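What follows is the residue order along each chain.
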Amino acid sequence: MTSSPLGVAVVGVGYWGPNLIRNFLGHPATDLHRVCDLAVDHARTVVGGRSEVQVTDSLDDLLDDDVVDAIAIATPPSTHHEIGMRCLEAGKHIMVEKPLAMSSKHALEMVETAARNELVLMCDHTFCYTPAVRAIRELVSSGSVGDIQYIDSIRVNLGLVQSDVDVLWDLAPHDLSIMDSILPDDCFPIEVAAHGADPIGAGQSCVGYLTIPMNTGAIAHVTVSWLSPSKVRQTIVSGSKKMIMWDDMKPYQRLAVFDWGVDIGPPAGDDERERLMVNYRRGDMMSPALPETVEALHFVVEEFSDAIRDRRAPLTDGRSGVRMLEILEAANVSLQARGVLVPIEHR
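The structure displayed is predicted, hence computed values, not measured ones.

(A) Here's a closer look at the state of the cysteines. Tallied over the entire structure, the rule returns zero disulfides. Of the cysteine sulfurs around C128, a residue in no disulfide, the closest is that of C123, at 9.5 Å.

This is the structure:
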């Protein structure tokens, strides 16, 4: 790779594709060369007056174009594996919207093909690139939070009820990718219990809960719903040293770091009836300033281009997409078994 902009194409101009197009056009490290969608007229409207961006309804046009180094895939999830494999086999780096595929087996095949062809495979887990999650990741990796004790995440709103996937597959990937991004390497999920309900007769769960024990004894809990009267986007990360609350609906204080905790000491005396000594630590609360002027997708594009130029794995690489699917697949089994704990298969 040279210092010239990365030649990029986007496949899919539905819900998310226009956001990718806007950011690839606006980033100095990328040159959007082609856009592919079956609805060509709509795609031309999205591209706008940028006449140098070629619009086509043929994926082969992208694959045969030597100017295109990388392809972003924003098509329906059921097509990710087929399109992704064709791009990788044609020698193109790819970035894929969530989920990476509809099964961990297909996702792993994509990961192995990318590695064999020395190509970058990135998952567009956009929330992992928000200023808040970047700050949480830095706090955890620095050790200032201590050992992770639990993670509690709530993602609820009214709608959009999907017809092809349940609420766990629709919303939980955001929280699972965030969790995967911030957890240290020696702390990972080992089991999952899933519960869901369909009170409106949609044909799949519209309200869902995941309970995820970790190998360290920590635990995570994820609540997702299409049926909430209010929109809530809140995550708590509790450590042995500090606690973090991220509330994405509070633009002036998204992140709060509490120097709070609970310490358990030995019994106060020899009498077995005496309680353990419980010490509550209530220190300062800090709300760090977050750079909110640049959208997270800008950093996604930057990470994608940097990973290709530096010949390295991106932060949200294909393996992270496989890990997310492994949890969702185990959750499917648990849901059918009415919430039993199901081991997560780590491939």
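(B) Representation of the side chain of K92. Secondary-structure assignment places K92 in the loop between α4 (80-89) and β5 (93-96). No salt bridge is formed by the buried K92; the nearest opposite charge belongs to D66, separated by 5.2 Å. At a separation of 2.7 Å, a polar atom in the side chain of K92 contacts the main-chain carbonyl oxygen of V68. Among residues more than four places away in sequence, those in contact with K92 are L62, L63, D65, D66, V68, D69, I71, C87 and L119.

(C) Broad picture of the pattern of salt bridges. Overall, the coordinates contain 11 salt bridges when judged by the stated rule. D180 is paired through a salt bridge with R323; the nearest N and O atoms lie 2.6 Å apart. Residue D180 is found in helix α7 (residues 167-182), and its partner R323 is found in helix α9 (residues 318-336); the two are separated by 143 residues along the sequence. For D180, a relative accessible area of 26% corresponds to the partly exposed category. Between R312 and E303 there is a salt bridge, with its nearest N and O atoms 2.9 Å apart. Look at R312 and you get partly exposed, because its relative accessible area is 31%.

Procedures and definitions
- Residues numbered from 1 in each chain as written.
- Predicted model: local features only at pLDDT ≥ 70, side-chain atom pairs only at ≥ 80, totals over all residues.
- Heavy atoms only, no water.
- Disulfide = S-S within 2.5 Å.
- Helix = DSSP H or I, 4+ residues; strand = E, 2+ residues; numbered from the N terminus.
- Buried < 20%, exposed > 50% of the residue type's maximum accessible area, 1.4 Å probe, protein only.
- Lys, Arg positive; Asp, Glu negative; His and termini not counted.
- Salt bridge = Lys/Arg side-chain N within 4 Å of Asp/Glu carboxyl O.
- Polar contact = N/O pair within 3.5 Å; in protein donor to acceptor, adjacent residues only side chain to side chain.
- Contact = heavy atoms within 4.5 Å.

It is worth stressing that arrangement in space is one thing and function is another; only the former is reported here.
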